Amino acid sequence: MKSISVKVMISNNQKTVKIPTGIRLLVRRCCHAVLDMEGFEHDAEVSVSFVDNAQIAELNEKHMNRVGPTDVLSFPLGENGIYDTNEETGAKMLGDIVISVEKAVEQAELYDHTLQREIGFLTVHSMLHLMGYDHETGGLDYVHMREKEETALTRLGLERDASYFNAN
């Protein structure tokens, strides 16, 4: 299999949380891990934006018709494995990932793991959405997506421990 190029464009559009050193590299590694795991054979581009709760709440309401902040939103540019191609680079444009860093901090505390683990999870989760996976229907789709998430995170050294399961 040929080596693919993955361009991950990351922008920090919030000032609420200081982005720790290494987070951008982690996000890039997560994107690569999902594409490797899925056997994606094209050069690819992904956009990742860090936002605060107010910004993601606005996007959540506008695009998902849901009130309030969420942790991550995915905006796939492809459907059924067909993606738009960047005419200049030939790369497949997978879509946009929007992560609320504020929400990620809250959830890292809730699940008693690191912010790196939480942002890694959110990135992998969202990349799987960009690849066409959906957990919203529940059942086997939900289980299948969760298994893929954990496989990718384990490969990255970010496996979950028992504390991940919230007893609430």
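Residues numbered from 1 in each chain as written. Predicted model: local features only at pLDDT ≥ 70, side-chain atom pairs only at ≥ 80, totals over all residues. Heavy atoms only, no water.

Trainee: Residue-level account of helix α3 (residues 101-110), with values.
Mentor: Buried residues of α3: Val101, Lys103, Ala104, Gln107 and Ala108, and no others. End-on, the buried residues of α3 take up no more than an arc of 150°, which puts them together on one face. At the C-terminal side of α3, aspartate 112 shows a positive phi close to 55°. (Buried < 20%, exposed > 50% of the residue type's maximum accessible area, 1.4 Å probe, protein only. Helix = DSSP H or I, 4+ residues; strand = E, 2+ residues; numbered from the N terminus. Arc of directions from axis to C-beta.)

Trainee: Any chance you could break down the pattern of salt bridges for me, citing the residues and the numbers?
Mentor: For side chains bearing opposite charge, pairing can occur when the charged atoms are close. Counted under the stated rule, the structure contains four salt bridges. A salt bridge links lysine 148 to glutamate 38, with the shortest nitrogen-to-oxygen separation between them at 2.9 Å. One end of the pair, lysine 148, is in helix α5 (residues 139-155); the other, glutamate 38, is in the loop between α1 (23-37) and β2 (44-51), with 110 residues separating them in the sequence. Residue class for glutamate 38 comes out partly exposed when judged on its relative accessible area of 24%. The partner of glutamate 150 in a salt bridge is arginine 117, with the nearest N and O atoms 3.5 Å apart. Residue glutamate 150 is located in helix α5, and its partner arginine 117 is located in helix α4 (residues 115-130); the two are separated by 33 residues in the primary sequence. The same class applies to glutamate 150 and to arginine 117, which are both buried. (Salt bridge = Lys/Arg side-chain N within 4 Å of Asp/Glu carboxyl O.)

Trainee: How would you sum up the packing of α3 against α4? Please name residues and give values.
Mentor: For the pair α3 and α4, interaxial distance at closest approach is 8 Å and the crossing angle is 120°. Where α3 crosses over α4, the handedness of that crossing is right-handed. Here Ala104, Val105, Gln107 and Ala108 of α3 lie close against α4, whose contacting residues are Leu115, Glu118, Ile119 and Leu122. Of the residues contributing to the contact of α3 with α4, the split by class is six nonpolar, one polar and one charged. (Axes fitted to C-alpha atoms, helices over the stretch in contact; angles between N-to-C directions. Left-handed = near helix turned anticlockwise from the far one by under 90°. Contact = heavy atoms within 4.5 Å. Nonpolar A, V, L, I, M, F, W, Y, C, P; charged D, E, K, R; others polar.)

Trainee: Provide a residue-level description of the layout of surface pockets, including the pertinent values.
Mentor: In this approach, a probe sized like a water molecule rolls over the atoms, and the result shows the empty space that is left. Of the volumes computed, that of the largest pocket is approximately 430 Å³. Lining the largest pocket are 20 residues, with Arg66, His125, His129, His135 and Glu136 positioned closest to its centre. Of all the secondary structure elements, the ones that give two or more residues to the lining of the largest pocket are α2 (53-64), β3 (72-76), α4 and α5. With four residues, the top contributor of residues to the lining of the largest pocket is α4. By residue class, the composition of the lining of the largest pocket is eight nonpolar, seven polar and five charged. (1 Å grid on protein atoms, 1.4 Å probe; cavity = no way out; pocket = protein on both sides within 12 Å on 5 of 7 lines; lining within 4 Å. Points joined across faces, edges and corners; volume = space filled by probe spheres on them.)

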